[in-house]
Amino acid sequence: MIEYSTKSLVLDEENINELDKLVYLYTEELGKVVARAKSARKITSKLAAYLEPLNFIRVRLVEKNGFQIVDALSFDKIAASQQNLAISQFIKEMTAELQPDKKLWRFIRQSAEKNFSYRPLLKILGFDPDFARCHICDSPSVVYFFKNDQIFFCQRCFLRGSKVPKDEIVLI
Ligand SMILES: [Zn+2]
């Protein structure tokens, strides 16, 4: 059984049964980690309050048939605005597990004082909007990013009725 202690941001959480939660973390040491938090839904659980999205926590994890959160302590947070929550989801979807990235961690950490924004994040993830072109007309003034296909669109082509589902698109 291996134990880790690392700073992390809670990206998302979901209930997996009556008592437990599945928590998506972006950790400084390990990159994205999906971990179980046992009994985190008990009203008496002191963990539960810390495992809300956009909380920075110092977390203790053990690895034994997957990761489990054994302890957590919050030390900072990002404002829970709609945009910040959406970008937190975006980070969850766009990163692979156990691939730590110091630049991404620094970006996440700095977002505690400002707000998240897509442009610098996309750049860190390897999709620099400054060098991107519209998938349809080749225009360099891109304003939308389509997650699934990892392509950009300009305003005009997007409004002209691309069939891309709206929830797959981010305005950058
Ligand atoms: Zn275009």
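Please refer to the structure placed before this passage.
Residues numbered from 1 in each chain as written. Predicted model: local features only at pLDDT ≥ 70, side-chain atom pairs only at ≥ 80, totals over all residues. Heavy atoms only, no water.

(A) Just the environment of Thr44, in detail. Checked against the element boundaries, Thr44 lands in the loop between strand S3 (31–37) and helix H1 (47–50). According to the relative accessible area criterion, Thr44 is exposed, its value standing at 70%. Expressed as a C-alpha distance, the spacing of Thr44 and Asp128, which sit 84 residues apart in the sequence, is 45 Å. (Helix = DSSP H or I, 4+ residues; strand = E, 2+ residues; numbered from the N terminus. Buried < 20%, exposed > 50% of the residue type's maximum accessible area, 1.4 Å probe, protein only.)

(B) Representation of the pairing of S3 within the structure. Within S3, six of the seven residues are buried, which leaves the element mostly enclosed by the surrounding structure. Two elements, strand S2 (residues 21–27) and S3, share seven bridges in a ladder whose sense is antiparallel. Residue pairing across strands places Tyr26 opposite Lys32, the latter belonging to S3. A loop of three residues connects S2 with S3, the two strands running antiparallel in sequence. Taken together, the two bridges between S3 and strand S5 (residues 67–77) define a ladder with parallel strand orientation. (Pairing = 2+ DSSP bridges.)

(C) Summary view of the sheet that holds strand S8 (residues 169–171). What the three strands build is an open sheet, ordered S7-S6-S8; its pairing is antiparallel. Each end of this open sheet is capped by a strand with a single partner; those strands are strand S7 (151–154) and S8. Geometrically, the sheet is characterised by an average inter-axis angle of 35 degrees between neighbouring strands, direction not taken into account. Summarising the sheet, strand S6 (residues 142–146) and S8 pair through three bridges and their orientation is antiparallel. When the sheet's bridge partners are listed, Tyr144 is paired in S8 with Leu171. (Axes fitted to C-alpha atoms, helices over the stretch in contact; angles between N-to-C directions.)

By themselves these figures say nothing about function.
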